[in-house]
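Commentary on secondary and tertiary structure
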Amino acid sequence: PDAEYDPEMAEMLQSEPQLAAALSGGAFGLHYPCFIPMPSLEEHGLAMWSTEDGGMPADWPGAACAGRTVNTNLVRMNVTSTLLSSLV
């Protein structure tokens, strides 16, 4: 579901060193992250990405909303990539 993740993923990274090594330098994607910080991912060298965010109209208010979303994702959760969709 959106804005949820399996906390066992962090546990698996700790218990499976080969998995953690294979994913190191990669990213963990989450749809609509909704202010869910996951510091355990950074401990394993993983970035957090928002793999779906949006549904904004294709106009100036929609552009302002997109800017706020990208800024909020980076500042509050250290999300280094945000994929946005625009309703056209």
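Refer to the structure above for everything that follows.
Let me sum up the structure you'll find in this document. (Residues numbered from 1 in each chain as written. Predicted model: local features only at pLDDT ≥ 70, side-chain atom pairs only at ≥ 80, totals over all residues. Heavy atoms only, no water.)

Here the focus is the overall build of the chain. Along the backbone of the chain there are four helices and three strands. The burial tally for the chain puts 25% of its 88 residues in the buried class. If you take every contact in the chain between residues at least 6 apart in sequence, the share linking residues at least 24 apart comes to 51%. Surface exposure of the chain reaches about 5,700 Å², of which carbon and sulfur atoms provide 58%. (Helix = DSSP H or I, 4+ residues; strand = E, 2+ residues; numbered from the N terminus. Buried < 20%, exposed > 50% of the residue type's maximum accessible area, 1.4 Å probe, protein only. Contact = heavy atoms within 4.5 Å. Areas by Shrake-Rupley, 256 points an atom, 1.4 Å probe, with all protein chains shown as cover.)

Tracing the backbone shows Val-70 in helix α4 (residues 60–77). Overall, Val-70 belongs to the partly exposed group, its relative accessible area being 38%. Counting along the chain gives 12 residues from Val-70 to Thr-82, while the straight-line C-alpha distance between them is 6.4 Å. Look past the residues within four positions of Val-70 in its chain and what remains in contact with it is Thr-82 and Leu-84.

Core analysis: the largest hydrophobic core is formed by 11 residues, namely Leu-13, Ala-20, Phe-28, Leu-30, Ile-36, Met-38, Leu-41, Leu-46, Met-48, Met-77 and Val-79. Residues within four places of Leu-41 in sequence aside, it is in contact with Leu-13, Phe-28 and Leu-46. (Core = buried A, V, L, I, M, F, W, Y, C linked by side-chain atoms within 4.5 Å.)

Within the element layout of this structure, Thr-82 appears in strand β3 (residues 79–87). A polar atom in the side chain of Thr-82 sits 3.0 Å from the side chain of Asn-73. Ignoring any residue separated from it by four or fewer positions in sequence, one finds Thr-82 in contact with Ser-50, Asp-53, Thr-69, Val-70 and Asn-73. (Polar contact = N/O pair within 3.5 Å; in protein donor to acceptor, adjacent residues only side chain to side chain.)

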